[in-house]
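Coordinate inspection notes
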Amino acid sequence: MVVDLRNSFRVSFITSEGGLPIPSVSELLTAVQSRPDWDGASVSPADAQFPFVHLDWHEGHGFVLQCYEDEESWSYFLVTSQHFSSPAIEVELGGQAVERWPPELFVSAERTTQALSHFLEFGKQDPALEWVRIDAFPREIVWEGREGREAWERTNRARNGD
C-alpha cells in the first residue's frame, strides 16, 4: 500500500483556526510572504505532530525553514552553506528573544521549494540540500525575556531620541 503523504499534511498559521490543506508549494510560499513577519507556517500531518516543518519569510533576506523529522530528532535548518559568516540578521523568536543569525540560514524560494516538495513527499529533509542542526550555527542574543526586551527598548529609544 502506498501512502500519499502530500495529502496528509496540513498547514497552520498563528492567525488561522486550524490545519488547512496544503496548496501547491508555490502558493504556500506566497501565503507565507503575504503574512506578518511573526505569522509563519507550520506544516505537519493532520493527525500527528511529526514530521514537522516551520517556515518564515524575512523580507530582503529570504526564507527560514526548520525541520523536525520525528519527535526524537534535533531541529535542522535549511542553509545555503555550512560555512557561516558573522551573525547579522535579527530574528525575533516568538516574542521571547531576538537573536542575530548568519545570512546562510536565509534561503531562496527555489531552495525552499525543493526542500518543501521533498518534505511533503517523504516527510524528511532532502539529502541533496545542506542542513545545519539548531545548535551548530553561530548566533548572538540581542535580548532575552521581558526584562531584556524592556532594557533593549529603553536603550534604543534613548539612542533614537524618542
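Located above this text is the structure these notes cover.
Let me sum up the structure you'll find in this document.

How each quantity is defined
- Residues numbered from 1 in each chain as written.
- Predicted model: local features only at pLDDT ≥ 70, side-chain atom pairs only at ≥ 80, totals over all residues.
- Heavy atoms only, no water.
- Phe/Tyr/Trp six-rings, centres within 6.5 Å; stacked < 30°, edge-to-face > 60°.
- Helix = DSSP H or I, 4+ residues; strand = E, 2+ residues; numbered from the N terminus.
- Buried < 20%, exposed > 50% of the residue type's maximum accessible area, 1.4 Å probe, protein only.
- Lys NZ or Arg CZ within 6 Å of the ring centre and 35° of its normal.
- Contact = heavy atoms within 4.5 Å.
- Expected span 1.5 Å × (residues − 1).
- Pairing = 2+ DSSP bridges.
- Core = buried A, V, L, I, M, F, W, Y, C linked by side-chain atoms within 4.5 Å.
- Axes fitted to C-alpha atoms, helices over the stretch in contact; angles between N-to-C directions.

As for the packing of aromatic side chains
- What the rule picks out here adds up to 8 aromatic pairs.
- With a centroid separation of 6.2 Å and 65 degrees between ring planes, the pair formed by Phe 50 and Tyr 68 is classed as edge-to-face. Note that Phe 50 is positioned in the loop between strand 3 (41-45) and strand 4 (52-58) and Tyr 68 in strand 5 (residues 62-68), a separation of 18 residues in sequence.
- Centre to centre, the rings of Phe 77 and Trp 101 are 5.4 Å apart; their planes meet at 75 degrees, and the pair counts as edge-to-face. Taken as a pair, Phe 77 in strand 6 (residues 76-79) and Trp 101 in strand 8 (residues 97-101) lie far apart in primary sequence, 24 residues in all. Here Phe 77 and Trp 101 have matching classes, each one buried.
- Three or more aromatic residues link up through ring pairs in this structure, and these residues are Phe 77, Phe 84, Trp 101 and Phe 137.
- Arg 35 extends its terminal NZ or CZ atom over the ring of Phe 13, reaching a point 3.6 Å from the ring centre.
- Its end group placed over the ring of Trp 74, Arg 133 keeps NZ or CZ at 3.8 Å from the ring centre.

What to know about the environment of Arg 10
- Turning to its location among the elements, Arg 10 is positioned in strand 1 (residues 9-13).
- Between the alpha carbons of Arg 10 and Ala 41 there is a distance of 9.9 Å; along the sequence they are 31 residues apart.
- Ignoring any residue separated from it by four or fewer positions in sequence, one finds Arg 10 in contact with Gly 19, Leu 20, Pro 21, Ile 22, Ser 42, Val 43, Ser 44 and Ala 46.

Considering helix 3 (residues 109-122)
- The end-to-end C-alpha distance of helix 3, which contains 14 residues, comes to 20 Å, matching closely the 20 Å that a straight helix rising 1.5 Å per residue would cover.
- A positive backbone phi angle near 70 degrees is found at Gly 123, which sits one or two residues after helix 3.

Things to note about the pairing of strand 1
- Burial along strand 1 is one-sided: the residues Phe 9, Val 11 and Phe 13 are buried and none of Arg 10 and Ser 12 is.
- Pairing geometry for strand 1 and strand 3, over 5 bridges, is antiparallel. In the sheet register, Phe 13 faces strand 3, and the bridge partner there is Ala 41.
- Bridge analysis of strand 1 against strand 2 (residues 20-21) gives 2 bridges, and the strand direction is antiparallel.

A look at the nonpolar core
- Among the nonpolar cores identified, the biggest contains 24 residues, and Leu 28, Val 32, Val 43, Leu 55, Leu 65 and Leu 116 are the most heavily contacted of them.
- Among the secondary structure elements, those contributing two or more residues to this core are strand 1, helix 2 (25-34), strand 3, strand 4, strand 5 and helix 3.
- Contact partners of Leu 55, with chain neighbours within four places excluded, come to Leu 29, Val 32, Gly 40, Ala 41, Phe 63, Val 64, Leu 65, Thr 112 and Leu 116.
- Ranked by size, the runner-up nonpolar core spans 10 residues in total, among them Val 64, Val 91, Phe 106 and Val 132.

Some remarks on the sheet that holds strand 1
- A sheet is described by the order of its strands in space; here 7 strands give the open sequence 2-1-3-4-5-6-9, paired in antiparallel fashion. One side of each edge strand has no neighbouring strand; the edge strands of this open sheet are strand 2 and strand 9 (130-133).
- Both strand 4 and strand 5 contribute to a ladder of 7 bridges, which runs antiparallel. Note on strand 5: the bridge partner recorded for His 54 is Gln 66.
- Packed onto the sheet, helix 3 meets strand 1, strand 3, strand 4, strand 5, strand 6 and strand 9 and runs at close to 25 degrees relative to strand 5.

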